[in-house]
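# Close look at the chain arrangement
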Amino acid sequence: MPASNAMSDKITHFEIHDIRFPTSLTGDGTDAMHTDCDYSSAYISLYATGGLVGHGMTFTLGRGNEIVCQAIAEVAKRLIGREPESFFANMGAAWEFMCADPQLRWIGPEKGVIHIATAAVNNAVWDMFARARGKPLWKLVVDMTPEELVNATAFRYITDAITREEALEMLKAKEPGKKEREVRVREVGYPAYITSAGWLAYTDEKVAGLMKEAVAAGFNHFKMKVGADAKSDLRRGKLIRSIIDDPQYLPTSASTYTSSIDGTVKKGRDPNSAELKGKNAGPTGAVLMMDANQVWDVPQAIEYVKSLEEIKPWFIEEPTAPDDILGHAAIRRALKESGIGVATGEHAHNRMVFKQLLQADAIDVCQIDSCRLAGVSEVLSVLLMAAKFNVPVCPHAGGVGLCEHAIHLSLIDYIAVSGTMERNALEFADHLHEHFHYPCSINENGRYNVPSSSAEGYSTEMYKASIAEYEWPSGSYWVKVGEGK
Ligand SMILES: [Mg+2]
């Protein structure tokens, strides 16, 4: 990709693809609310003169992806003829422009189909920006001065929680340690947790096998889906605990610690260490999380989660409707005595919802989504607010392409914004990475490797062959399936 700095380059055209993977056939991605998901990408490639290209996407579960693709076209049309460099000079202003079509905003504003479509377009412009500078996206952002980073952030409607001036002060305070943190995370990787061992439609045998594999691969944070049946959840939770808490399944390379309780040397990580304190870690330092995917009313959530107290989760994720800020706060208050936290965010449709979740003390963990918030500029605003409220950010990932994006966002959070990572854990699900030119990867300690190609931008680019196979309904896979009917 030729780098271009020419001020005269202009965005000329775009291509949109409705790409759907038949994950419903294997039960991947199944939870209490989403029982047959075809992981899908509403994908855009944006082209400019000078050889510039940017790829962006948002994520859906199958049917409806074509509606998002139509909305992406409407948002992208306004970019034709614009100069990429004028966007790059102030990505916050570019973001406001993309959200502010006087007719399109009526079908949001800043929520639903139009907002996730804006995410795809904003992500494509950021990908183009990073590629134009020959850096992975995270590196582009952490190399910005505090002033540039604040200018790239979406601040509208959140200045009652954080002002530009406060954000600038926070970023300046983190400036001196940036280099050191970058070196460290390149060396050790970014902490991850695994979800793909605990999908709801998997049999106990499959869950047990996958959990053993995950422990052996170095993971020590694990998530299970709950909410369809309490008895079954308790049984599966105990099964998972019996594996993740048992030192015999740990890899031979696992670390050891001296127990502060009986002074003996044990395999695993110290559950009473600063990184694991308050996470209900078991004797090997294993942490279990639960995800209900919005299935309960508020009182039901409290009762159901209390009935699972015995398996000691760190948090319950999405216990109720994603818009119900005060409901989440009530659940969090009620579960405090059980030592169980509340996490949410993958369906929080904009920065204002995150602002209120933080202001209402409703969450212990902030789960941003790279494709539901309208791209990187809005993500930056949530990272800054979460850092100010001292709530760790553990991005939602999985699906298709979300892990590829999320590692960039967690690196920005660690290196430039919050300055910490050891209590964080970025979601990982082991599906569909093979379709990307620059797939994410996990090291031998169960942590994300740092994306480091100068050509990868936001790591969004999919193989043309994958698009040709899975484009709906004309891709070779879908044509073949249709002929079989
Ligand atoms: Mg979830």
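Residues numbered from 1 in each chain as written. Predicted model: local features only at pLDDT ≥ 70, side-chain atom pairs only at ≥ 80, totals over all residues.

The subject of this paragraph is the domain arrangement of the protein chain. You can read the domains of the protein chain as domain 1 (11-134 + 466-484) and domain 2 (178-462). Using C-alpha coordinates to define each centre, domain 1 is positioned 26 Å away from domain 2. Looking at the side of domain 1 that touches domain 2, the elements with two or more residues in it are strand E2 (40-48), strand E3 (53-60), helix H3 (91-99), helix H4 (112-132) and helix H16 (464-470). Considering every element that reaches the side of domain 1 that touches domain 2, the biggest residue donor is H4, with 11 residues. Taken together, the residues of the side of domain 1 that touches domain 2 break down into 15 nonpolar, 19 polar and six charged. (Domains from an automatic or database assignment. Helix = DSSP H or I, 4+ residues; strand = E, 2+ residues; numbered from the N terminus. Nonpolar A, V, L, I, M, F, W, Y, C, P; charged D, E, K, R; others polar.)

Within the sequence span of helix H11 (residues 298-306), burial applies to Ala301, Ile302 and Val305. Taken down its axis, H11 places every buried residue within 95° of arc, on the same side. Tucked into the core, H11 has its buried residues touching strand E9 (313-317) and helix H12 (325-335). (Buried ≥ 20, exposed ≤ 12 C-beta atoms within 10 Å, placed from the backbone. Arc of directions from axis to C-beta. Contact = placed C-beta atoms within 7 Å.)

Take the pairing of E9 next. Burial analysis of E9 places five of its five residues in the buried class, which makes it a mostly covered element. Note that strand E8 (residues 287-291) and E9 share three bridges and pair parallel. Considered in E9, the bridge of Met290 is made with Ile316. In terms of handedness, the path from E8 via H11 over to E9 forms a crossover that is right-handed. Pairing geometry for E9 and strand E10 (residues 341-344), over three bridges, is parallel. Counted as the bridge partner of Phe315 is Gly341 from E10. Between the parallel pair E9 and E10, the chain is carried across by H12, and the sense of this crossover is right-handed. (Pairing = 2+ DSSP bridges. Right-handed = clockwise from strand over helix to strand, strands pointing away.)

This next bit is on the environment of Pro247. Tracing the sequence through the fold places Pro247 in the loop between helix H10 (230-244) and strand E6 (256-258). Residue classification places Pro247 among the partly exposed positions, given that 14 C-beta atoms sit within 10 Å. Along the backbone, Pro247 and Thr284 are 37 residues apart, and their C-alpha atoms lie at a distance of 6.3 Å. Aside from chain neighbours lying at most four places away, what touches Pro247 is Lys267, Gly268 and Thr284.

For the bond from Gly108 to Pro109, the omega torsion is -15°, close enough to zero to count as cis. The topology assignment puts Pro109 in the loop between H3 and H4. Going from Trp472 to Pro473, the amide bond is cis rather than trans, its omega being 0°. Positionally, Pro473 belongs in the loop between H16 and helix H17 (476-484). Even without being glycine, Lys312 reaches a positive phi, approximately 50°. Among the secondary structure elements, Lys312 is positioned in the loop between H11 and E9. Residue classification places Lys312 among the partly exposed positions, given that 19 C-beta atoms sit within 10 Å.

Turning next to the sheet that holds E2. Spatially, three strands are ordered E1-E2-E3 in an open sheet, and the strand pairing comes out antiparallel. Bordering the open sheet on either side are strand E1 (11-20) and E3, each of which pairs with just one other strand. Ignoring strand direction, the axes of neighbouring strands in this sheet form an average angle of 15°. Looking at chain direction, E1 and E2 are connected through nine bridges and run antiparallel. In the strand pairing of E2, Glu15 is matched with Ser45. Strand contacts of H4: E2 and E3, with the helix running at about 150° to E3, the strand carrying the most contacts. (Axes fitted to C-alpha atoms, helices over the stretch in contact; angles between N-to-C directions.)

Moving on: the packing of helix H14 (residues 376-388) against helix H15 (residues 402-417). With their axes 11 Å apart at the nearest point, H14 and H15 run at an angle of 50° to one another. In terms of axis orientation, H14 runs oblique to H15. Our pair here, H14 against H15, has a crossing hand that is right-handed. Only Leu409, Ile412, Asp413 and Val417 of H15 make contact with H14, whose side of the interface consists of Val379, Leu383, Leu384 and Ala387. Counted by class, the contact of H14 with H15 contains seven nonpolar, no polar and one charged residues. (Parallel < 35°, antiparallel > 145°, perpendicular 65-115°, else oblique. Left-handed = near helix turned anticlockwise from the far one by under 90°.)

Moving on: the packing of H11 against H12. H12 packs onto H11 with a crossing angle of 30° between their chain directions and a minimal axis gap of 9 Å. Taken together, the axis directions place H11 and H12 in an arrangement best described as roughly parallel. With respect to the hand of their crossing, H11 and H12 are arranged in right-handed fashion. Contact residues: Val298, Ala301, Ile302 and Val305 in H11; Gly327, Ala330, Ile331, Ala334 and Leu335 in H12.

Take the environment of Gly112 next. Counting through the fold element by element, Gly112 comes out in helix H4. Gly112 sits in the partly exposed class, given 13 other C-beta atoms within 10 Å. For the pair Gly112 and His347, spaced 235 residues apart in sequence, the C-alpha to C-alpha distance is 9.8 Å.

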